[in-house]
Amino acid sequence: MRAPPERDSFTHPGLERSLMARRKKIYEGKAKILYEGPEPGTIVQYFKDDATAFNAEKKDVIDGKGVLNNRLSEFFMTGLTQIGVPTHFIRRLNMREQLVRNCEIIPLEIIVRNYAAGSMSKRLGIAEGTQLPRPIIEYCYKDDSLGDPLVSEEHIAAFGWASQQDMDDILSLALRVNDFMSGVMLAVGIRLVDFKIEIGRVYEGDFQRLIVADEISPDSCRLWDIETGQKLDKDVFRRDLGNLTDAYSEVARRLGVLPKSNVAKPTLIN
Ligand code: UDP
């Protein structure tokens, strides 16, 4: 017998949002809302359907995106934990929410590139899709009002955003995430072109350590089908290449992440 479908906010985000109203909101970002968690040191991440691009100049609501990203981020973070890469993920709570560890986010976007694309192609005049001689790490200062500018390790050290020890740890985390994500994707016929992660600091007694935080999803990666080159990530939205939910569902389907009952579409009755 097939298991009953999980209570689904896929079609009722409004209902779930009203249930959420009792929780204390900590922060609302472009794609997620953070609420106080049930225990100290925890946070609930709610994945919205909102999509934004070009520093929120382009906006839309994409049905089902939040559900897919919640599942996909769970999948990647769980896999990372299993290979010993520390992450903020504790457990998924429901279709749109996950419980995560509260951490102090380092104000940097860590970008790892395996192939040239996007802003790097523009900046350096390298054709999109050119394989890079080795993975290249870039850092952007997280500030929407400035458009998240590219910064060097000199800026990071001089302004005290992260210490030299932090930078060593960030580099090694970023490369481990890259190896893991590249392998997982390659196994399902997808090329990991580039991605962005955020890193958080947690305190354990007298010690502190860095963990992978925020989310890992097709919103923050470039994913191209190896055979056809078809884009299966947020560029579908940024560049108007088709239906974003279909692209993300394809990634989830290949990874075996999404239960089939959740992708069913309404049947038209003639
Ligand atoms: N990225 C992201 N959030 C940002 C900026 C970039 O998740 O605020 C991701 C983006 O999806 C891509 C990678 O980081 O996978 C590199 O993005 P790029 O610098 O090429 O920026 P874009 O072309 O998206 O402006």
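Counting restarts for each chain: residues are numbered from 1 in the order of the written sequence. In keeping with the predicted nature of the model, local features appear solely for residues at pLDDT of at least 70, side-chain atom pairs appear and are counted solely at 80 or more, and the whole-chain, interface and lining totals rest on all residues. Calculated side-chain values reflect all of the structure's heavy atoms, with hydrogen atoms and water omitted.

With that out of the way, let us pick up helix 5 (residues 164-186). Here a strand is any run of E in DSSP of at least two residues, a helix any run of H or I of at least four, and the numbering for each starts at the N terminus. For a helix, the expected span equals 1.5 Å multiplied by the number of residues minus one. In this model helix 5 runs 33 Å from its N-terminal to its C-terminal C-alpha over 23 residues, within 8% of the 33 Å that 1.5 Å per residue would give. Throughout this description, buried means an accessible area under 20% of the type-specific maximum (1.4 Å probe, protein chains only), exposed means over 50%, and partly exposed covers the range between. For helix 5, the set of buried residues is Asp166, Met167, Ile170, Leu173, Ala174, Val177, Asn178, Phe180, Met181, Val184 and Met185.

Classification of ring pairs uses Phe, Tyr and Trp, with its six-membered ring standing for Trp, and accepts pairs whose centres are within 6.5 Å; under 30 degrees between planes counts as stacked, over 60 as edge-to-face, and the remaining range as tilted. Inspection of every chain in the model, using the stated rule, returns 3 aromatic pairs. Note on Tyr141 and Trp161: the rings are 4.0 Å apart at their centroids and 15° apart in plane angle, and the pair reads as stacked. You can see Tyr141 sitting in strand 10 (residues 131-141) and its partner Trp161 sitting in the loop between helix 4 (153-158) and helix 5, a full 20 residues away along the chain. Under the relative-accessibility criterion, Trp161 is labelled buried at 17%.

What is meant by a nonpolar core is a set of buried Ala, Val, Leu, Ile, Met, Phe, Trp, Tyr and Cys residues, joined one to another through side-chain atoms within 4.5 Å. Of all hydrophobic cores here, the largest spans 51 residues; its most connected members are Ile110, Val177, Met181, Ile197, Ile199, Ile216 and Leu255. In terms of residues, this core owes the most to one element, helix 5, which gives 9 residues. Only heavy atoms enter the contact rule, under which two residues are in contact if any of them lie within 4.5 Å. If sequence neighbours within four positions are ignored, Ile199 has contacts with Glu104, Ile105, Ile106, Ile110, Ile170, Leu173, Leu210, Ile211, Val212 and Ala213.

Lines are fitted to the C-alpha atoms to define the axes, a helix being fitted only along its stretch in contact, and any angle between axes, read from their N-to-C directions, falls within 0 to 180 degrees. In the contact formed by helix 2 (residues 65-82) and helix 5, the axes pass within 11 Å of each other and the chain directions differ by 120°. In this view, helix 2 runs oblique relative to helix 5, as classed from their interaxial angle. The handedness of the crossing between helix 2 and helix 5 comes out as right-handed. Between helix 2 and helix 5, the residues in contact are Phe75, Phe76, Gly79 and Leu80 and Val177, Phe180, Met181, Val184 and Met185, respectively. Gly counts as polar in this scheme, as do all residues outside two lists: the nonpolar Ala, Val, Leu, Ile, Met, Phe, Trp, Tyr, Cys and Pro, and the charged Asp, Glu, Lys and Arg. For the contact of helix 2 with helix 5, a count of residues per class yields 8 nonpolar, 1 polar and no charged. In these notes the angle categories are as follows: under 35 degrees is roughly parallel, over 145 is roughly antiparallel, 65 to 115 is roughly perpendicular, and the rest is oblique. Each crossing is labelled by how the near helix is turned from the far one, with a counterclockwise turn of less than a right angle marking it left-handed and a clockwise turn marking it right-handed.

Geometric values such as these leave the question of function open.
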